[in-house]
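# Structural overview for review
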Amino acid sequence: MSRCNHKELQPGVVSVHLGQAGIQMGQSVWELLCLEHWITPDGRKPNPMKDEKSESFFDTRTTGLRKPRAVFADTDSYAINRLRAGPYKNLFDSHQMLRSGLGGANKIFAGNTGTGAKTVSSLLESIRRQVERCDRFEGFMIYQATGGGTGSGVGSLLLENLVRDYRKSRRVAVSVAPEGQTAQDVYNHVLSIPSLRENADVNFYLENKALNDICSTRLGVAKPTHGNVNQIIAQLMGSLTSGIRRVTDSRPVYQDLTEICMSLIPMRDVNFALSSYAPLDRPRVSRTNNEDTLTKSAFDPTSLLAKCNLDTGKYLSICLMYRGNVDMRRLNGSIRPLMRGIKFVEGASLGFKVGINQAPPTEMPDAIFEQKLTKSCAMFCNSSAVAEPLGRTMQQFDALYRRRTSVSNYAAQNVEATDFQEAREGLARLISYYNQCGADEEEEEEEDEGLRSRM
Ligand SMILES: Nc1nc2c(ncn2[C@@H]2O[C@H](COP(=O)(O)OP(=O)(O)O)[C@@H](O)[C@H]2O)c(=O)[nH]1
Ligand SMILES: [Mg+2]
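Worth saying up front: this structure is predicted, and the values here are computed from it rather than measured. (Residues numbered from 1 in each chain as written. Chains lettered and ligands numbered in written order. Predicted model: local features only at pLDDT ≥ 70, side-chain atom pairs only at ≥ 80, totals over all residues.)

Buried residues dominate strand S1 (residues 11–18), accounting for eight of its eight residues. Residues of S1 alternate between two faces, with Pro 11, Val 13, Ser 15 and His 17 on one and Gly 12, Val 14, Val 16 and Leu 18 on the opposite face, all of them buried. (Buried ≥ 20, exposed ≤ 12 C-beta atoms within 10 Å, placed from the backbone. Helix = DSSP H or I, 4+ residues; strand = E, 2+ residues; numbered from the N terminus.)

Here we take up the site of ligand 1. By nearness alone, 21 residues border ligand 1, and Gly 19, Gln 24, Ala 145, Gly 148 and His 226 come closest of all. Looking at the shell around ligand 1, the elements with two or more residues in it are helix H1 (19–36), helix H4 (149–165) and helix H7 (226–245). Looking at the shell around ligand 1 element by element, the count peaks at five residues for H1. Among the residues forming the shell around ligand 1, the class breakdown is seven nonpolar, twelve polar and two charged. (Near = placed C-beta within 6 Å. Nonpolar A, V, L, I, M, F, W, Y, C, P; charged D, E, K, R; others polar.)

Turning our attention to the confidence of the model for the protein. The pLDDT averaged across the protein works out to 91; a share of 93% of its residues lies at or above 70. Predicted confidence for residues 1–6 stays below pLDDT 50, and this span has three contacts to residues more than four positions away or in other chains. Here residues 450–455 is modelled with pLDDT under 50, and outside its nearest four sequence neighbours on either side it reaches zero contacts, counting other chains as well. (pLDDT = per-residue confidence, 0-100. Contact = placed C-beta atoms within 7 Å.)

Moving on, we get to helix H3 (residues 114–132). With 19 residues, H3 extends 27 Å from end C-alpha to end C-alpha; this agrees with the ideal 27 Å at 1.5 Å per step. For H3, the full list of buried residues reads Thr 115, Gly 116, Thr 119, Val 120, Leu 123, Ser 126, Ile 127 and Gln 130. End-on, the buried residues of H3 take up no more than an arc of 135 degrees, which puts them together on one face. Exposed side of H3, more than 90 degrees from the buried face: Gly 114, Ser 121, Glu 125 and Glu 132 are the residues found there. Here the buried face of H3 lies against S1, strand S4 (70–74), strand S5 (97–99) and H4. (Expected span 1.5 Å × (residues − 1). Arc of directions from axis to C-beta.)

This next bit is on the packing of H1 against helix H2 (residues 78–85). For any two helices packed against each other, one specifies the crossing angle of their axes together with the interaxial distance. Contact pair H1 / H2: the axes reach a minimum separation of 8 Å and the direction vectors enclose 20 degrees. With respect to their mutual orientation, H1 and H2 come out roughly parallel. The handedness of the crossing between H1 and H2 comes out as left-handed. Facing Gln 20, Ile 23, Gln 24 and Gln 27 of H1, the residues of H2 in contact are Tyr 78, Ala 79, Ile 80 and Leu 83. (Axes fitted to C-alpha atoms, helices over the stretch in contact; angles between N-to-C directions. Parallel < 35°, antiparallel > 145°, perpendicular 65-115°, else oblique. Left-handed = near helix turned anticlockwise from the far one by under 90°.)

Next up, the structure:
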């Protein structure tokens, strides 16, 4: 590859997969990316077609082998061992798959402990190796479950360190919120929010509850597994990054991570993005799948990957990413009526963007939803409706913390009362910023008055 023209160099994106969920999501994501770039599970590319943009996600070694620009880490060994024994074990070098604890799963926010610090320090070393292999490093994608001890604790600490060590880089978080069944899920989730707010440029806020419901209600999977849910996340992320990785764009929106952040996040305080995917139909169920049905389905509440009602909120930004053989005229015809019903925050400058990647979606093995399609649509948006799931989390947190349920377990992990209070305040502030965005103008004025009178 020519190294003389800076502009020709592909942006290098390093993916970091934390904890069991982050690692398992990574397995699905890299399985899809290998299929999309004709790379075998052991990193060979038997038919090297023109595919230069894959360099943004894959490193080409002198042997010709492709290696994902990725690092996997956990504070226990279960998920890493499965990765090391799985069908993609040869795709990654051993220093890309780190496990720092030997004992059982670390279920409590592992960011204030020796294990957490040790994990982050070996992670940073492995990340540095990946960054150095990029011709033009641009930023990180960080996958984790915020209900997990590793995802929340190591994730928070890692983000802080990435800001310090790679100040100019982009940090795109993909985080799965828990169903909120246990106190530790809820506490970990809330404790992860300050760092995601402060240190991630954007956080794609996904909820396992919504993902599981899609599997059971729409796709007829009686008992959805993590693997089922991760397939949806993989296709979503495949669409988000398709413009960075694929050359066939007729009208790309996102050619790098910076464009993703700039088109969704107008200011630092509101950086939690929502997403949906269409179509989500059972395999081999033949449905009409055209520009119109896709666009409508992307805004259907049951296609959203977090539980909320977009109609109750206002948008700061929307981006629709279509894949496949999309007809522009039909597309404009399907978007125009929809636009009439959409409420933007007053003065929202980012507005509505549409991107098309002509490469159709790629089918994954054991697909639980139809993926052999000529077209698909992923919707990404920044909406005040995200205050709804965040508000539910706060209620759950308050109910548990009021009685100090399970709080004593956190002291052993060096999580103090001030950590809980600060995290709760951070969450309340995030909700309040989004509520201000969603407020009607009259209410806004009243709120401004309220603010002024308190000053
Ligand atoms: N979407 C998804 N969620 C997962 C997966 N594995 C675990 N979870 C969820 O993640 C949360 C626990 O996080 P986990 O990743 O196991 O903990 P960690 O290893 O300590 O970060 C729970 O809410 C699980 O239901 C997965 O592969 N995909
Ligand atoms: Mg774990």
